[in-house]
Amino acid sequence: MIPRPPHAQRCFFVCLVVLPLITHAGPNMQDGLWEITMAMEMPGMPYAIPPTKHTQCLNTKNNIPQQHGGASQADCKMLSNRAVGDTVTWAMQCRSPGKSMMDMEGKITYSGDSFDGVTIMSMQGAGKAMKTTQRMSGRRLGPCKG
């Protein structure tokens, strides 16, 4: 048996471990128009807030559903956005001068033409602090229009 040079073993290891990571371009999701259902949970609320639905075009580069009814995107800064396998995680910080602050952390897992996820929001404004959980699910409706 002929001994292999050490660099050949390293090359084999790199090819075995790194190449599958490079070829996986993102989560198992289909680009297109998605219907997104969001249900807000707020501790201390005497009644459940009805879920809301909206549609949004999502793709592998824009794979985070937008929060509707929250702070304006101009006041928000994405701190992290990471996809590992079929799961996308992110952290966002929103600030309004003299008004309120909101920190969000989210996580969704795609399954081709559907997803499930959760966003935790911590808000502070007017001397009050509040934490909410937003559960979401999505389903692909078809291609984006226009």
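Residues numbered from 1 in each chain as written. Predicted model: local features only at pLDDT ≥ 70, side-chain atom pairs only at ≥ 80, totals over all residues. Heavy atoms only, no water.

**Q** Just to check I follow, could you spell out the pattern of salt bridges for this structure?
**A** With the rule as written, the count across this model stands at 3 salt bridges. A salt bridge links R135 to E41; the nearest nitrogen and oxygen atoms lie 3.1 Å apart. Residue R135 is found in strand β7 (residues 128-142), and its partner E41 is found in strand β1 (residues 32-41); the two are separated by 94 residues along the sequence. A salt bridge links R95 to D103; the shortest N-O distance between them is 3.3 Å. (Salt bridge = Lys/Arg side-chain N within 4 Å of Asp/Glu carboxyl O. Helix = DSSP H or I, 4+ residues; strand = E, 2+ residues; numbered from the N terminus.)

**Q** I'm lost on the packing of aromatic side chains in this one. Help?
**A** Each aromatic ring pair is described using two quantities: the centre-to-centre distance and the angle formed by the ring planes. By the definition in use, this model includes 3 aromatic pairs. Residues W34 and Y110 carry aromatic rings whose centres are separated by 5.6 Å and whose planes lie at 80° to one another, so their mutual orientation is edge-to-face. Placement of the pair is W34 in strand β1 and Y110 in strand β5 (residues 100-110), with a sequence separation of 76 residues. Summarising the burial analysis for this pair, W34 and Y110 share the class buried. Measuring from centroid to centroid gives 5.6 Å for W34 and F115, while their planes differ by 35°, and the two rings are tilted. Highlighted residues: W34 in strand β1 and F115 in strand β6 (residues 114-125), separated in sequence by 81 residues. With respect to class, W34 is no different from F115; both count as buried. In textbook terms, an aromatic cluster arises when at least three aromatic residues are bridged by ring pairs, as seen for W34, Y110 and F115. (Phe/Tyr/Trp six-rings, centres within 6.5 Å; stacked < 30°, edge-to-face > 60°. Buried < 20%, exposed > 50% of the residue type's maximum accessible area, 1.4 Å probe, protein only.)

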